[in-house]
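Residue-level listing of the chains:
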Amino acid sequence: MDDQTQKREQPTRSYWRCSRKDFFPEESFQDMASYRNAISHTYLRLKDRLLTRSSDQNEIFLLQESENALIKCLTWWDLAWMSFGSVVGSGIFVITGLEARQTAGPAIILSYAVSGLSALLSVLCYTEFAIEIPVAGGSFSYLRVELGDFVAFIAAANIILESIVGAAGLARSWSSYFASMISSNTDFLRIRVSHFAAGFNLLDPIAVVVLLIADGIAVSGTRRTSILNWVSSALSFMIILFIIVIGFIRGKSSNLVPFFPYGGRGVFKAAAVVYWSYTGFDTVATMAEETKNPTRDIPLGFIGSMSMITVVYCLMALVLCMMQKYSEIDPNAAYSVVFESLGMKWAKYLVSICALKGMTTSMLIGGLGQARYMTQIARSHMIPPWFALVHPRTGTPINATLLLALPGALIALFSSLDVLSDIFSFSTLLIFNLIAVALLVRRYYVKDTTVKGDLIKFQACLFVIIGSSILITVLWNSSITGWIGLAVAASIWFLGTLGMGLLPKQRVPSVWGVPLVPWLPSLSIGMNLFLIGSLGWEAFWRFFACSAVMLIYYLLVGVHATYDLAHQNQQDNKTEEKIINRGKE
């Protein structure tokens, strides 16, 4: 019987299946005895996962886990507007007013410039990886290839965290802006529960509904979602230009004085938080698998859009602080309220509509892209492979979308915006920092090729770069900061980067690569660590608490599932090699 006959007789499995084997097909979970045996070997399996790296080919091979393929339907035009739609609205209308009033004052403009530079450096790193490894996993796949399975899990845990928290924060902000169109009280449509703790006592059912609708559209089809996004984003871009023009006409330069009411530290602390405004491009990186021509479309779409967004953000922050004194800015719906204070009530509604559109497309593209993250994570069996399935009709991962949408809706119902923003920025900055490290590893280390002496020198230089970056951050945030100490630490960073630059590169990008390696990735590491250090201690504690919970899951489930899959693939490869060799004989 030939292969075609066998395929015709093989029954088609329903997408809407839900058996134990669909969630845990690995050998370690077949029965309780198998699981106890797996748990008893946790140390050895964890060691294996710590020392094992994936490969470009393996990440592409895992596509078969989805059973149905994601559809290649996107061009550079789609990617550019996806970046714009995902990024613009996810921060500028949400967090600018809060940080300008409480942290940076008019210097919030510089905060956006610093964050924009850091984001652009990260975009360059993401672009090279997305071209070389065009799969839906984004940063998860890139880290899995270069830094190993365990580091990829840390990234995956943070991806899950930032996806859920980011969607919840956007949904809460959407309801704030909608309420500002009806009443001056931005909590007008929320339900207060006095028995709950502060920050969790304002229930927001509207945020839940909006988030679920956005995710529902995202699963209906990638091409349809892209067209809806770029049409609406083009319209909102025109409104943003209107805001900037009116801001320069009606604004007063006197409102920019004092420019640094909270000092230099306020600028960088705000920069760490407003980095939220730039998140979204990493989501679009997951669309590489659905891009028609990744080598051409990804650089054009990513780098062009991020450069434009940085300029727009700085201008938007400038006109806000020109139109209203920083101490009078409304922290929840800044742009709508400031136009009302200028007597332009009609403009208030126009701004609110633009903000609502921006946050809607951010949720829409976020739901689209973050589900792709989950799909590749599930393909690796780090979470159950049931979430990797792609629906045959829509060509979208519906299960993975639900995995993010439902918890996000629950958090949006309870948690206020200020509780969410810091933890989101921490996880995002950490992932971008790891991506920059991974790019350096990719350029300077190739297994079985790099000589031991060069590897040791590379590791030493990388240690110096990271260590000096942390030292700069600590000195800046300490009460005994001196310029001499900062200069010495910066000099150490420079020497570490220079030393790495003198080492031979082991890999050259086949099509497009980050320029000025190792300088730009090294600068990205320094800036990301600096911004992380500018966050409050609460962000650290929340991050580590959530990561600890996810680590428990990894030790109980993830490490065993990925170990079984990796060794099963190795066994399959050996079997295929034996069959091929016998055929040659």
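Residues numbered from 1 in each chain as written. Predicted model: local features only at pLDDT ≥ 70, side-chain atom pairs only at ≥ 80, totals over all residues. Heavy atoms only, no water.

(A) Representation of the packing of helix α7 (residues 96-104) against helix α13 (residues 263-274) within the structure. At a closest axis distance of 9 Å, the pairing of α7 and α13 adopts a crossing angle of 155 degrees. As the angle between them shows, α7 and α13 are arranged roughly antiparallel. Crossing hand, α7 versus α13: right-handed. Between α7, through E99, T103 and A104, and α13, the contact on the second element is made entirely by G266, V267, K269, A270, V273 and V274. A class-by-class count of the residues in the contact of α7 with α13 yields five nonpolar, two polar and two charged. (Axes fitted to C-alpha atoms, helices over the stretch in contact; angles between N-to-C directions. Helix = DSSP H or I, 4+ residues; strand = E, 2+ residues; numbered from the N terminus. Parallel < 35°, antiparallel > 145°, perpendicular 65-115°, else oblique. Left-handed = near helix turned anticlockwise from the far one by under 90°. Contact = heavy atoms within 4.5 Å. Nonpolar A, V, L, I, M, F, W, Y, C, P; charged D, E, K, R; others polar.)

(B) Representation of the state of the cysteines in the model. Tallied over the entire structure, the rule returns zero disulfides. Unpaired in this structure, C461 has its nearest cysteine sulfur neighbour in C125, at a distance of 18 Å. (Disulfide = S-S within 2.5 Å.)

(C) Inspection of α7 at higher detail. Burial analysis of α7 places seven of its nine residues in the buried class, which makes it a mostly covered element. Within α7 the residues assigned to the buried category are T96, G97, L98, E99, A100, T103 and A104. Those residues of α7 that are buried are in contact with α8 (108-132), α13, α15 (294-323) and α16 (334-341). One or two steps after α7, the chain reaches G105, where phi turns positive at roughly 70 degrees. (Buried < 20%, exposed > 50% of the residue type's maximum accessible area, 1.4 Å probe, protein only.)

(D) Representation of unusual backbone geometry in the model. Backbone torsion omega between V257 and P258 reads 0 degrees, so that peptide bond is classified as cis. Residue position: P258 is located in the loop between α12 (222-250) and α13. The omega torsion across V517 and P518 is 15 degrees, close enough to zero to call that bond cis. Structurally, the position occupied by P518 is in the loop between α21 (483-501) and α22 (519-533). With a phi angle near 70 degrees, E67 is a residue other than glycine that sits in the positive phi range. Classification of E67 by relative accessible area gives partly exposed; the value is 45%.

(E) Inspection of the packing of aromatic side chains at higher detail. Counted under the stated rule, the structure contains 28 aromatic pairs. Ring centres of Y15 and W16 lie 5.0 Å apart, and the angle between their planes is 85 degrees; this geometry places the pair in the edge-to-face category. Site record: aromatic cluster; members linked through ring pairs are W76, W77, W81, F84, W230 and F237. Over the ring of W476 we find R265, and its NZ or CZ is 5.6 Å from the ring centre. (Phe/Tyr/Trp six-rings, centres within 6.5 Å; stacked < 30°, edge-to-face > 60°. Lys NZ or Arg CZ within 6 Å of the ring centre and 35° of its normal.)

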